[in-house]
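In case you want the letters, here they are:
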Amino acid sequence: MSEYTGKEIVVLEGLEAVRKRPGMYIGSTGSRGLHHLIWEILDNAIDEQLAGFCSEIHITLQKDGGVCIEDNGRGVPVDIHPTQKIPTVRVVYTVLHAGGKFNSTVYKVSGGLHGVGSSVVNALSSHMIVEVRRNGQVYRDEYENGGHPVTKLENGQLPVIGKCTKSNTGTKVTFYPDAEIFETITFKPEVIKKKLKEIAFLNKNLKLIYKNENENETITYQEEFGIQSFVSYINREAVTLHPTPIYIEGTSGDIEVEVAFQYTNSFSEQINPYCNRINVVDGGTLVTGFKTALTRVMNQYARELGILKDKDENFDGKDIRNGLVAIISIKHPDPQFEGQTKTKLGNTDAKTAVDDVFSTEVQRYFDKNVEILRAILENSMKSYNARKASDKARTAVLKQLNDVDTKSKLASCTSRKPEECEVYIVEGDSAGGTVKTARNRKTQAVLPLRGKILNVEKATLEKILLNNEIKSMIAAFGCGIGDDFDISKLRYDKIIILTDADVDGAHISTLLLTFFYRFMPELIYAGKIYRGLPPLYKVDYETVSQAAKQREEDIALGLISPDEEPEEPVSKKKKGKKKLSRYVFNDFELEKFRKNKSYKITGIQRYKGLGEMDAEQLWETTLDPESRILAQISISDTVDADEVTTTLMSSNVPPRREFIMSEAKYANLDI
């Protein structure tokens, strides 16, 4: 055993840690991580707007592949930092955990709290230029190869490259993502434009000017009515119960609260919470405060208006929220998020603030708009009656779950410890048979589906519970559904969707994800849902020796004849080749492998389905925890998730066709 001493401990200085483990800071090195660079720089500019110093931001996709973000805020300080002894702007862009958001005197409210955004973007860029306008002067600092400063200081100060009026202040950041870090450095305009539209909704009257030099396109985003317009935008294709979203605003203590909501004829609810502009997809205390206040107020009105009689029980919260689309946006001076991903808010004072503001202001609104109130309460009564009927059906179904014929379908694992167990959902008996043979019987269960499950979008729970495949899943998982859902009773740590790598497989995966998102979203938020990624090809190949490669190139250039004997002995040449095989997961990866001159492909086998693999191959590629590839399903934006789900799974064809056509050109970028 080798000696373990201090010299084995590697300390990564400065921004090296970011380049070594970029996923820790931006999530991934794929397309999502690439776009995250823009959001980080944009967040800094928006924080200036929240502080009251910025009204306009320019976002430009340059022809040379760079991104330029310029604001008219105060400009990053350029004075000498008291402890670092270099210009403060250089500290901000080269030192992790350096920023003005740790001190409430600079930013009362902020989305970026960790002080890593600017420096992380610099670390993951091949080139970055920062220009600051302050005190009537323009300063410039430049960095290369992951944040190394190349601008020479003059007496410790940044050089002044120009003059401006004293009122003309702001920061301009231009960066070029490092191609050695990212799988792709091609930005998606549609992703950026959608994000800018959301930012405009959440920051009333902020002007965002988007320019794409590659497509000669300029768009200005500015929303006078903020989140009220946001709700209208979400419901643009929906049938609504009242024409204009209801808007509530107020302050409780140091917390500013805004709520906009509107009812539709949908069977589902959609509540999108934001704290300091951050979409807290798991909700938290601000959502609890909203739900509590809404349920209490609406039941009070239902009694006063005689819609609920004395003998009737109160509306359930879900009765009242049926068809609801709401945006909750709060500004909190000291938000406590659960985890670096900021997906849930934990502040108890946020619950109190939302409850206080909403209860007071929504009653003022409904007292003046009784007809809208009645329409909403009548919708709640319909939901109440439907729930009663659905409860009877659900009770009957749940009683039958123990008797559901899962024994012929579900191949259980022997372990009874949920933390070490996983269940594979596969399509058809053929694939199911192969997976059952290949699996680890102790920890891996298999549930084959017979055909495609019901498309649950816009379906009632009563109808869904009549579907045999869905009943089998509910029985297998053990955690119930609807009001009876209890994630602590889940029998598996991982639920893995494993379908063929073809169009039908993708459709089945989408149907399953729609079901989980609409009726068991807690499984997604808890990180329990995965998609297995089986290979599409098996490639047989040989390694090519350097001499053999050189000979092929010489023949191609006409330097030697194909009939000319190679200089190296045949026996030695044979040793330069080794027969190998590898699995390839998509056409893009196969094409890259074809272009690698170090290998000579001798055979390609395409798998049309999981049933075509033998048990050993399936274990090695798809089931073995040591070598398999799993994609964990997560939700980073509730509005986007709901919009995409509705677009893809509803019966409205034109939006689905438009979405597929707009996304098709990017299909090979996210590997």
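That block above? That's the structure.
Residues numbered from 1 in each chain as written. Predicted model: local features only at pLDDT ≥ 70, side-chain atom pairs only at ≥ 80, totals over all residues. Heavy atoms only, no water.

Peer 1: Honestly, the overall build of the protein chain in this entry has me stumped. Any pointers?
Peer 2: Counting secondary structure elements, the protein chain contains 22 helices and 22 strands. Relative to its full complement of 671 residues, the protein chain shows a buried share of 49%. The contacts in the protein chain between residues at least 6 apart in sequence include a share of 70% that link residues at least 24 apart. For the protein chain, the exposed area adds up to about 33,000 Å²; of that, 48% sits on carbon and sulfur atoms. (Helix = DSSP H or I, 4+ residues; strand = E, 2+ residues; numbered from the N terminus. Buried < 20%, exposed > 50% of the residue type's maximum accessible area, 1.4 Å probe, protein only. Contact = heavy atoms within 4.5 Å. Areas by Shrake-Rupley, 256 points an atom, 1.4 Å probe, with all protein chains shown as cover.)

Peer 1: Please clarify how the environment of aspartate 334 should be interpreted in this entry.
Peer 2: Looking at the element boundaries, aspartate 334 is found in the loop between strand S14 (324-331) and helix H10 (348-368). Here aspartate 334 falls in the partly exposed class, since its relative accessible area comes to 46%. The sequence separation of aspartate 334 and asparagine 276 amounts to 58 residues, and the corresponding C-alpha distance is 9.9 Å. Here the side chain of aspartate 334 touches glutamine 336 through a polar contact of 3.0 Å, side chain to side chain. (Polar contact = N/O pair within 3.5 Å; in protein donor to acceptor, adjacent residues only side chain to side chain.)

Peer 1: Please clarify how the sheet that holds strand S20 (residues 579-584) should be interpreted in this entry.
Peer 2: Sheets are built from strands paired through backbone hydrogen bonds, the pairs being either parallel or antiparallel. Across the sheet, which stays open at both edges, the 3 strands sit in the order S20-S19-S21 with antiparallel pairing between neighbours. The outermost strands of the open sheet, each flanked by one partner alone, are S20 and strand S21 (599-606). Here the strands of the sheet are splayed against their neighbours by 25 degrees on average, with no regard to which way each runs. As defined by bridge partners, strand S19 (residues 537-543) adjoins S20 across 6 bridges and the pair is classed as antiparallel. The residue bridging lysine 538 from the neighbouring strand is tyrosine 583, located in S20. (Pairing = 2+ DSSP bridges. Axes fitted to C-alpha atoms, helices over the stretch in contact; angles between N-to-C directions.)

Peer 1: What is the right way to read empty space enclosed by the protein from this model?
Peer 2: Taking a probe equal in size to a water molecule and rolling it over the atoms shows the remaining empty space. In total, this model carries 2 cavities of 30 Å³ or more according to the counting rule given. Within this model, the largest cavity holds a volume of roughly 50 Å³. As for the largest cavity, its lining consists of Leu50, Leu202, Glu258, Asn276, Arg277, Ser329, Ile330 and Lys331. The leading source of residues in the lining of the largest cavity is S14, at 3 residues. Tallied by class, residues from the lining of the largest cavity come to 3 nonpolar, 2 polar and 3 charged. Approximately 40 Å³ is the volume attributed to the second largest cavity. For the lining of the second largest cavity, the residue count by class is 6 nonpolar, 1 polar and 1 charged. (1 Å grid on protein atoms, 1.4 Å probe; cavity = no way out; pocket = protein on both sides within 12 Å on 5 of 7 lines; lining within 4 Å. Points joined across faces, edges and corners; volume = space filled by probe spheres on them. Nonpolar A, V, L, I, M, F, W, Y, C, P; charged D, E, K, R; others polar.)

Peer 1: Looking at this structure, I do not really get the nonpolar core. What am I missing?
Peer 2: Nonpolar side chains in soluble globular proteins generally cluster together in the buried interior. Within the largest apolar cluster, 46 residues are counted, with the highest numbers of intra-cluster contacts made by Leu42, Ile57, Tyr93 and Phe175. Those residues in contact with isoleucine 57 that sit more than four places away from it in its chain are Leu42, Ala45, Ile46, Ile69, Glu70, Asp71, Leu206, Lys207, Leu208 and Ile209. Val259, Ala326, Ala353 and Met381 belong to the second-largest nonpolar core, a separate cluster that totals 43 residues. (Core = buried A, V, L, I, M, F, W, Y, C linked by side-chain atoms within 4.5 Å.)

Peer 1: Please clarify how the pairing of strand S2 (residues 67-71) should be interpreted in this entry.
Peer 2: Each regular strand displays side chains that alternate between the two surfaces of the sheet. Of all 5 residues that make up S2, 4 are buried, and the element is covered over most of its length. Note that strand S1 (residues 56-61) and S2 share 5 bridges and pair antiparallel. By the bridge assignment, isoleucine 57 is partnered in S2 with aspartate 71. Between S1 and S2, which pair antiparallel and follow one another directly, the connecting turn spans 5 residues, one of which, glycine 65, has a positive phi of 95 degrees.

Peer 1: Just to check I follow, could you spell out the sheet that holds strand S22 (residues 630-632) for this structure?
Peer 2: Strands sit in the order S16-S15-S17-S18-S22 across an open sheet of 5 strands; the sheet is mixed. The sheet is open, and its two borders are formed by strand S16 (444-449) and S22, each paired with just one other strand. For this sheet, the mean inter-axis angle between neighbouring strands, taken without regard to orientation, is 25 degrees. For strand S15 (residues 422-427) and strand S17 (residues 494-498), the ladder comprises 5 bridges, and the chain directions are parallel. Directly across from valine 426, in S17, lies its bridge partner leucine 498.

Peer 1: Just to check I follow, could you spell out the environment of threonine 434 for this structure?
Peer 2: Its location among the elements puts threonine 434 in helix H12 (residues 428-438). At 3.2 Å, the side chain of threonine 434 and the backbone oxygen of serine 430 are in polar contact.

Peer 1: Is there a simple way to explain the pattern of salt bridges in this structure?
Peer 2: A side chain of one charge can pair with a side chain of the opposite charge when the charged atoms of the two come close. Tallying each qualifying case throughout the model produces 20 salt bridges. With a closest N to O distance of 2.7 Å, arginine 74 and glutamate 48 form a salt bridge. Residue arginine 74 is located in the loop between S2 and helix H4 (88-94), and its partner glutamate 48 is located in helix H3 (residues 31-50); the two are separated by 26 residues in the primary sequence. The class for arginine 74 is partly exposed, based on a relative accessible area of 25%. Residue classification places glutamate 48 among the buried residues on the basis of a relative accessible area of 7%. The closest approach of N and O atoms between glutamate 469 and lysine 409, which form a salt bridge, is 3.1 Å. Of this pair, glutamate 469 sits in helix H14 (residues 468-477) while lysine 409 sits in the loop between helix H11 (370-400) and S15; the two residues are 60 residues apart in sequence, bridging distant segments of the chain. A residue is classified by how much of its surface remains accessible, and glutamate 469, at 8% relative accessible area, is buried. Judged by relative accessible area, which is 7%, lysine 409 ranks as buried. One network of salt bridges, in which partners are shared, links Asp43, Asp47 and Arg277. (Salt bridge = Lys/Arg side-chain N within 4 Å of Asp/Glu carboxyl O.)

Distances and angles like these do not, on their own, reveal function.
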